[in-house]
Amino acid sequence: MVQAAENRAMRTAWQGKAGRSPLQALYESDQFEQSSLQAVHQQRRELLSNVCNRYTRKRRLLRPDDLRHLVVDDTHGLLYCYVPKVACTNWKRVMMVLTGQGKYRDPLEIPANEAHVSSNLHTLSEYSIPEINHRLRSYLKFIFVREPFERLVSAYRNKFTRSYNTAFHKRYGTKIIRRHRQEPSDRALERGDDVRFEEFVYYLLDPRTQREEPFNEHWERVHSLCHPCIVHYDVVGKYETLAEDANYILQLVGADTSVKFPSSSKTTRTTDDMTAQFFQDISPFYQRRLFNLYKMDYLLFNYSIPSYLRIR
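Predicted, not measured: the structure shown is a model, and the values here were computed from it.

## Quick notes on the overall build of the protein
Thinking step 1. If you tally the helices and strands in the protein, you get 16 helices and five strands.
Thinking step 2. Burial statistics for the protein: of 312 residues in total, 51% are counted as buried.
Thinking step 3. Across the protein, contacts joining residues at least 24 apart in sequence account for 69% of those joining residues at least 6 apart.
Thinking step 4. For the protein, the exposed surface amounts to about 16200 Å²; the carbon and sulfur share of it is 48%.

Put into structure tokens, the structure is as follows:
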């Protein structure tokens, strides 16, 4: 199988401190009693590979711009493709601890805004082509994904219903209201801070939107941000199993046992039930169009069509 050959090549290329790759050590060692978890991740890789083979006929070459979301940890041989609204703030904090040569010890001590300062982490786009190829061949590559519509509603709630996100209101809200609201008030056109979810959906589906510029990273499709049919990810983590998958990755790369992925204590996070409520007022016609827009993410990462959609 393609995936099995890829795993063998990756295990050969990426040598750990003891002369074995972390994946090889994981397969051989009894210290990781996670056979079921290993099987889950193997299944995710195989499904991803199968969907890519089925739907991607011509593989294009990666451009430097494609690599802006791949964060590099040269110390542990790690590449992380960050996806906004999928615990990426906490993962950036962890990456700052892993790459900080002792400057940071506890991820939660790093302010969220500091985690998003681009100069605090290196991305693969900053390297030369030979350096890029070396890291893509030999580093452990991982990504975290989330149910696409849950992630979309989370992005909408964060960027359009929070009073502090004035930059998004001005940048996107005013345009959305101008184009997709009948008889908007002068205040709404000026401030853009009361975008309704259905207006956001119309904006995403408007052909002018992507003709003018790429989607913002907070609602861009994961397959367009991280290119999983070109970059062969070794671990596909899921938001729904965040704690287990994060711990699995940290063990896999031999991170110091003191480095812990922050546990989520948020009670305001977007859930499936909450997402269903947002879609109640979206017509079946627009539900189907929106699903088609995000369909590849559903297929690649094995998410089912939401039961609340009226598109069957």
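From this point on, the discussion continues.
## With respect to the side chain of E147
Thinking step 1. Residue position: E147 is located in the loop between β4 (140–145) and α7 (148–160).
Thinking step 2. For the buried E147, no salt bridge exists, and the shortest N-O distance to an oppositely charged side chain is 7.2 Å, to R146.
Thinking step 3. Within the local environment of E147, its side chain forms a polar contact with the backbone nitrogen of E150, the two atoms lying 2.8 Å apart.
Thinking step 4. Beyond its immediate stretch of four places on either side in the chain, E147 contacts E240, Y298, Y303, S304, P306 and Y308.

## A word on helix α8 (residues 166–180)
Thinking step 1. With 15 residues, α8 should cover 21 Å at 1.5 Å per step; its first-to-last C-alpha distance of 19 Å lies within 8% of that length.
Thinking step 2. If you check which residues of α8 are buried, you get F168, H169, Y172, G173, T174, K175, I176, I177 and H180.
Thinking step 3. The secondary structure elements touched by the buried residues of α8 are α7, α9 (186–191), α10 (197–205) and α11 (207–212).

## A few points about the pattern of salt bridges
Thinking step 1. With the rule as written, the count across this model stands at 20 salt bridges.
Thinking step 2. Among the salt bridges present, the one from R60 reaches D66, with a minimum N-O distance of 2.8 Å.
Thinking step 3. Look at R60 and you get partly exposed, because its relative accessible area is 34%.
Thinking step 4. What makes D66 buried here is its relative accessible area of 8%.
Thinking step 5. Between R208 and D206 there is a salt bridge, with the nearest N and O atoms lying 2.7 Å from each other.
Thinking step 6. Overall, D206 belongs to the buried group, its relative accessible area being 10%.
Thinking step 7. Salt bridges here are not isolated pairs; linked through shared partners, they connect R171, K175, R179, E212 and E213.

## Topic: the state of the cysteines
Note on terminology: disulfide describes a covalent bond linking the sulfur atoms of two cysteines.
Thinking step 1. The tally for this structure, following the rule as stated, stands at two disulfides.
Thinking step 2. There is a disulfide in this structure between C52 and C229, and the S-S distance comes to 2.0 Å. Around the S-S axis, the bridge from C52 to C229 shows a dihedral of about -85° and counts as left-handed. Taken together, the residues C52 in helix α3 (residues 35–55) and C229 in the loop between α12 (222–226) and β5 (235–238) connect sequence positions 177 residues apart. Each member of the pair, C52 together with C229, is buried.
Thinking step 3. Through a disulfide, C81 is tied to C226; the S-S separation comes to 2.0 Å. Measuring handedness by torsion sign, the sulfur bridge of C81 and C226 sits at about -90° and is left-handed. Of the two residues, C81 sits in strand β2 (residues 78–81) while C226 sits in helix α12, which places them 145 residues apart along the sequence. Each member of the pair, C81 as well as C226, is classed as buried.
Thinking step 4. By sequence-ordered numbering of the bonded cysteines, the protein has its disulfides arranged as 1-4, 2-3.

What counts as what
- Residues numbered from 1 in each chain as written.
- Predicted model: local features only at pLDDT ≥ 70, side-chain atom pairs only at ≥ 80, totals over all residues.
- Heavy atoms only, no water.
- Helix = DSSP H or I, 4+ residues; strand = E, 2+ residues; numbered from the N terminus.
- Buried < 20%, exposed > 50% of the residue type's maximum accessible area, 1.4 Å probe, protein only.
- Contact = heavy atoms within 4.5 Å.
- Areas by Shrake-Rupley, 256 points an atom, 1.4 Å probe, with all protein chains shown as cover.
- Lys, Arg positive; Asp, Glu negative; His and termini not counted.
- Salt bridge = Lys/Arg side-chain N within 4 Å of Asp/Glu carboxyl O.
- Polar contact = N/O pair within 3.5 Å; in protein donor to acceptor, adjacent residues only side chain to side chain.
- Expected span 1.5 Å × (residues − 1).
- Disulfide = S-S within 2.5 Å.

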